[in-house]
Amino acid sequence: MSGKLSRLALAVAAGLAGFGMVGSTTSFGGPSLSAPQPTVRRLTEAQYRAAIAEAFGPGIEVVGRFEPDMRVGGLAAVGASAVSITPAGFEQYDAIARHIAEQVFAEDHRAELVGCAPGSEDPDGARCAASFVTRAGLRLYRRPLSESQVRGAVARTIAGAQKLGGFDAGLQAVLVGMLTSPDFLFRIDVPARAGARDAIDSYSKATRLSFLLWNAPPDDALLAAAASNSLDTPEGLRTQVDRMIASPRFTEGVRAFFDDFLQLRDIDNLSKDALIYPAFSTTVAAAAREQTLRTITDLLVDNKGDYRDLFTTRRFAMTRALGPIYNVPVTASGWSIYEFPEGDPRIGLLTQASLLALHSHPGRTSPTLRGKSIRETLLCQEISPPPANVNFAVVQDVNNTTLKTTRQRLEAHLSDEECASCHKATDGLGLSLEQFDGAGSFRSTEHDEPIDVSGKFDKVPFSGVAALGQLFHDSPKVSQCLVSTVWRYANGRTVEVSDRPELDTLNASFAANGHRFVDLMRTIALDPRFYLMPRVPLAPSVVAADPQPSRRGRS
Amino acid sequence: MTKTVSRRNFLLKGALGGAAVTVGIPLLDCFLDGNGTAFAATLGGGRLPVRFGTWFWGCGMIPERWVPQAAGTGYDLPPQLAPIKAVQDRVSVLTGFDVQLDGKANLPHISGNTAVRTGEASDTWQGITGPTFDVLISDAIGSGSYFRALDLSLDGNPQTSYSFRNGSSMNASIPSPAELYQKIFGPDFHDPNTADFKPDPKYMVRQSVLSGVSEERSALLRRVGADDRSRLDQYFTSVREMEGKLALQLQKPPPAEACVRPEAPVAIKGDITDLGVRKANHKLMTQLLGMALACNQTRAFNMNFDTAAAELRRAGDTTGYHQSTHEELIDRELGYQPTVDKFATGSMEAWADFVETLSAIREGDGTLLDNMLVVAHSEVSFAKNHDVTGIPVMLAGRAGGKVKQGQHIRGSGEPISRIGLTAQQVMGVPVDSWGRGAMRSNRAVADILA
């Protein structure tokens, strides 16, 4: 197991190598590679939900707690290639599956979803069971069931029906089995029968494609394309990719990527001190996450925009719950786009409440956490964990009468060389966001002292977050980080040395196409390399740290 | 006592020895000795099942205010330990057991914790090489009960867990008393003391469906690479555990005299990061856990009172416990950090409450705690500088008579892996040495063995 993890961790480092940030990790001299291996990814919670909706419609509720995702290199999509299912996790999947199956066989859904019953021509219901299992199996397993799988399911249905005194009870139990089977819970490549050693079959291709673009399993049209092998031709693939990107479901796929990339899920576990931040609540937190996702898809999908403009946009998705945090009147119910005026401190992604609140303490801001997350997430840079024996005594006393602002207190930090090496990287960026408090509301002073929002990014001095946003907009590091993150998300693994040429091409085409996010997704989806089984290094030489989100350093 | 025991023994033999076990896995092995007849021979020799658990608190303690001066029984209680006064006779305090970093960096709040749990300091959880010792123990004792282990957290976050099979397989926690109640005492709960028992055929059908799932195992494992094979194998192990659980549902559970199905808990209002609210929630969780143990629903648990790098706070304060450990100035008159002191003492109050609650459940002619071994520990000793020497550990329970209680034992710089090794041996794990590198040890902490 550790070999796999090391390899995954390696990718974190390799992802950075292209930017020359972590020099030492580039020199691992090409480890020997395995034979091409099928990828095995566990469905994420969102994917599981989408799969149930695809198979049984949106009327079926999915209730329960899922085994938590694990992030590797910051992405749950990469962690999905490393996780398994624990006994307690399996119990949860089983309970969720039983609840789903009950609903499918309940009176209000049965006719539509099962649609048959034993009768004079089908006395034990074998035909009905076969028809249900074949239909549900195609959707759930994302490929047709084998004859023996259908036969086994029918036999278990009939045996179960006898024990339980009813056909439905037997078939319902079989459905639970399908919902807890590895064919459903994991996405496991099936190698192509003919062709190159690293080729996967059409259904595996359809699965990779639909989870990339929709974060959901293939629909009927895509399954049909897989059945006719048309995905194996460039035209056939292009037809499906165009169709899927034009679909409203593509928005879901883009949301899923940014939710993972920006680690917005952590907002679910965010708590703020109610006395210090009375405007903040779980409703506000959920709305802040939604705001960020809607702002992103408005720009990138609806307006086919330039990724870099996310850092300078004044168009924020807005809803009533967020009015108090942003201090803007919101009269309309639901969501609308609110345009902040020129000169307003709200500009770009960095000033959204979601990220500001997520990377703060429960009762105060943290320029260090904010700076660290910006460096790690948006710039793909690695920030070392703090040394163990730090002398904090000089640093902080929130009631310090001479060091009134966070900046003054943190700058005291920089007098210590050991601290300074990392805090220079994090705090400089974080301090420019100090005009936003721990819940994301604007303030211009701290303890009556005006807040200084000057800083340096890549040696360029700036003042205020609008100027920083512009620097981010213009920085190749920002767009290259996006490209490598999308690639890792798509492939569910870290970047190996052998992947560099592909990433170089992607970076070039992304820049040439005006940094259009949609085009980036399209390029990956059309690239034959996206449909190959990867070779993974056999002897990892570098292990990079990837602390779990719940245990990361706090300062 | 003898009377109780023979009745229990008889009933167990009657219930288990005579039942037809239909699944092809050794799910009942832990009840049986090599001949498949005697009960619980490997469970510490006790006649009642011996349970194991851990209790975790964050950010350690202030050594001068926590470490007792005197060794042995009747040890003194410095101010931060004062809350355990009422349960001191049941709690052993282990001090001066060290983490040897073996030249690795001390990654704050992780190195110490991984070292205590796995016998080797690691700077990430994902990088650990082996299971945590609680998993080794629950593998040995847990598979014959409905839940192999219960992982519990009180901060509302299922990811707060220090129980890992390997770096990519964390045992996620049940993050609230309400969820714990639902899981244990919800619709699938069989009261072991009800007179009538009819096996429900639906469990049989579910079992046969799962065995259909298991049939795919070998074909699937052949298709994938070595790492993925071990992941999928772990999934199939989980499936088999579920099959085992369903098999238990088909048998009349042995009576459990202390078992009373509790009322559903009423959620505590307020900010769960607030120390007072946390303690109230912990009390609720402990009561449910105690009944889950008494009702034989599980034999192993991990209770996380707080996270490593404690996120506890007091409502209204800008600075929480963890930040205070680093930032609070040492009060010149007192000679210590007063806010940190309060949180450390508060954690000990919760621990005392935990021990007291489990001692209050009568079982046989003793208490539930008598048939338990609980290892309580933190991830650092002095949090201010993330010190991993002398990480505080406490033990509670007699483990069915295998353990002497109420002592202060000094480790004198010996590796802290000795404690994990001792716990495994007490619980019947066949292991003679444990840990890696400088942390490898083959010496149990003999002073606690009865």
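Small disclaimer: the values here were computed from a predicted structure and weren't measured.

Quick notes on the rules
- Residues numbered from 1 in each chain as written.
- Chains lettered and ligands numbered in written order.
- Predicted model: local features only at pLDDT ≥ 70, side-chain atom pairs only at ≥ 80, totals over all residues.
- Heavy atoms only, no water.
- Helix = DSSP H or I, 4+ residues; strand = E, 2+ residues; numbered from the N terminus.
- Buried < 20%, exposed > 50% of the residue type's maximum accessible area, 1.4 Å probe, protein only.
- Contact = heavy atoms within 4.5 Å.
- Areas by Shrake-Rupley, 256 points an atom, 1.4 Å probe, with all protein chains shown as cover.
- Disulfide = S-S within 2.5 Å.
- Buried area = accessible area lost by both parts, 1.4 Å probe.
- Salt bridge = Lys/Arg side-chain N within 4 Å of Asp/Glu carboxyl O.
- Polar contact = N/O pair within 3.5 Å; in protein donor to acceptor, adjacent residues only side chain to side chain.
- Pairing = 2+ DSSP bridges.
- Expected span 1.5 Å × (residues − 1).
- pLDDT = per-residue confidence, 0-100.
- Axes fitted to C-alpha atoms, helices over the stretch in contact; angles between N-to-C directions.
- Parallel < 35°, antiparallel > 145°, perpendicular 65-115°, else oblique.
- Nonpolar A, V, L, I, M, F, W, Y, C, P; charged D, E, K, R; others polar.
- Core = buried A, V, L, I, M, F, W, Y, C linked by side-chain atoms within 4.5 Å.
- Phe/Tyr/Trp six-rings, centres within 6.5 Å; stacked < 30°, edge-to-face > 60°.

Here we come to the overall build of chain A. Scanning chain A from terminus to terminus reveals 23 helices and 8 strands. Expressed as a percentage of the 555 residues in chain A, the buried residues total 60%. Considering only contacts in chain A between residues 6 or more positions apart, those separated by 24 or more positions represent 72%. Of the roughly 20,900 Å² that chain A leaves accessible, carbon and sulfur atoms contribute 53%.

Residue and element names in this part refer to chain A. Going through the model one piece at a time under the given rule, you end up with 3 disulfides over all chains. With its sulfur 2.0 Å from that of its partner, C116 forms a disulfide with C128. An S-S torsion of about 80 degrees defines the bridge between C116 and C128 as right-handed. Taken as a pair, C116 in the loop between α5 (107-113) and α6 (126-141) and C128 in helix α6 lie far apart in primary sequence, 12 residues in all.

Moving on to the interface of chain A and chain B. Residue-level contacts link 75 residues of chain A with 77 residues of chain B. Of the roughly 6,400 Å² buried between chain A and chain B on both sides combined, carbon and sulfur atoms contribute 56%. Joining chain A to chain B, the criterion identifies 7 salt bridges. Among the ionic pairs, K245(B) bridges to E91(A), the shortest N-O distance being 3.4 Å. Linking chain A to chain B there are 23 residue pairs in polar contact (both at pLDDT 80 or more).

Residue and element names in this part refer to chain B. Taking burial as the measure, the 5 residues of strand β7 (residues 300-304) include 5 buried ones, the bulk of the element. Side chains A300, N302 and N304 project from β7 onto one buried face, and the interleaved F301 and M303 project onto a second face that is buried too. In the sheet, strand β4 (residues 150-153) pairs with β7 via 4 bridges, with the strands oriented parallel. Opposite D151, over in β7, you have N302 as the bridge partner.

Here helix α10 (residues 338-359) of chain B contains 22 residues, and its C-alpha end-to-end distance of 32 Å stays within 8% of the 32 Å for a straight helix at 1.5 Å per residue. Summarising burial for α10(B): 17 of the 22 residues are buried, a large majority.

What follows covers the confidence of the model for chain A. Residues and elements named next belong to chain A. For chain A, the mean per-residue pLDDT works out to 88, and 88% of the residues sit at or above 70. Taken together, the stretch residues 1-28 has pLDDT below 50 and engages in 65 contacts with residues farther than four places along the chain or on a different chain. Low pLDDT, under 50, characterises residues 540-555; the stretch is placed with 52 contacts to residues that sit more than four places away or in other chains.

Residue and element names in this part refer to chain B. Two numbers describe how helix α3 (residues 133-141) lies on helix α11 (residues 417-426): the axes approach to 10 Å, and their chain directions differ by 5 degrees. Regarding the angle of α3 to α11, the classification is roughly parallel. In this structure, α3 uses F133, L136 and I137 to contact α11, whose residues at the interface are G420, A423 and Q424. A class-by-class count of the residues in the contact of α3 with α11 yields 4 nonpolar, 2 polar and no charged.

On to the nonpolar core. Core analysis: the biggest nonpolar cluster contains 98 residues, and L213(A), F258(A), Y307(A) and L482(A) have the highest contact counts within it. Ranked by size, the runner-up nonpolar core spans 64 residues in total, among them W57(B), L152(B), L289(B) and V355(B).

What follows covers unusual backbone geometry. Where the residue is not glycine, phi is negative for most of them; where a peptide bond is considered, it is trans in most cases. In this structure, K459(A) is a non-glycine residue whose phi angle is positive, near 70 degrees. By the secondary structure assignment, K459(A) is in the loop between β7 (454-457) and β8 (460-463). Judged by relative accessible area, which is 78%, K459(A) ranks as exposed. Although it is not a glycine, N296(B) sits at a positive phi angle of roughly 60 degrees.

All names here are of chain B. With respect to the element layout, G119 can be found in the loop between α2 (111-118) and α3. C-alpha of G119 to C-alpha of L81: the two residues are 38 residues apart in sequence and 26 Å apart in space. If we ignore the near neighbours within four places in the chain, the residues touching G119 are T114, S417, W434, G435, R436 and M439.

On to the pattern of salt bridges. In this structure the tally under the stated criterion is 54 salt bridges over all chains. In this structure, R206(B) engages D94(A) in a salt bridge whose closest nitrogen and oxygen atoms are separated by 2.7 Å. Of the two residues, R206(B) sits in helix α5 (residues 201-214) while D94(A) sits in helix α4 (residues 87-104), which places them in two different chains. Taking relative accessible area as the criterion, R206(B) reaches 11% and is therefore assigned buried. With a shortest N-O distance of 2.6 Å, R289(A) and D259(A) are connected by a salt bridge. Of this pair, R289(A) sits in helix α14 (residues 282-302) while D259(A) sits in helix α13 (residues 249-261), and the two are 30 residues apart along the sequence. We note that R289(A), like D259(A), is buried. Taken together, the shared-partner salt bridges connect E45(A), R49(A), D259(A), R265(A), D268(A) and R289(A) into one network.

Looking at where Q249(B) falls in the secondary structure, it is placed in helix α7 (residues 226-249). Within the local environment of Q249(B), its side chain forms a polar contact with the side chain of H190(B), the two groups lying 3.0 Å apart.

A word on the pairing of strand β12 (residues 407-410) of chain B. Residues and elements named next belong to chain B. Examined bridge by bridge, strand β2 (residues 72-73) and β12 share 2 bridges and lie antiparallel to one another. The residue of β12 that forms the bridge with T73 is Q407. For strand β3 (residues 91-95) and β12, the ladder comprises 3 bridges, and the chain directions are parallel. When the sheet's bridge partners are listed, T95 is paired in β12 with R410.

Residue and element names in this part refer to chain B. Pairing in this open sheet of 8 strands is mixed, and the strands run β2-β12-β3-β11-β10-β1-β7-β4 from one edge to the other. Each end of this open sheet is capped by a strand with a single partner; those strands are β2 and β4. Bridge count between strand β1 (residues 51-56) and β7: 5 bridges; the pairing is parallel. Within the sheet, the bridge partner assigned to F52 lies in β7 and is A300. The sheet strands contacting α3 are β1, β7 and β10 (372-377), and the helix crosses β1 at an angle near 160 degrees. Where helix α8 (residues 275-294) meets the sheet, it contacts β1, β4, β7 and β10, and its direction lies at approximately 180 degrees from that of β7.

With that settled, consider the packing of aromatic side chains. Residue and element names in this part refer to chain A. In this structure the tally under the stated criterion is 38 aromatic pairs over all chains. Relative to F261, the ring of F257 has its centre 5.3 Å away and its plane inclined at 25 degrees; by these criteria the two rings are stacked. Of the two residues, F257 and F261 both sit in helix α13, 4 residues apart, roughly one turn of that helix. Residue classification places F261 among the buried residues on the basis of a relative accessible area of 4%.

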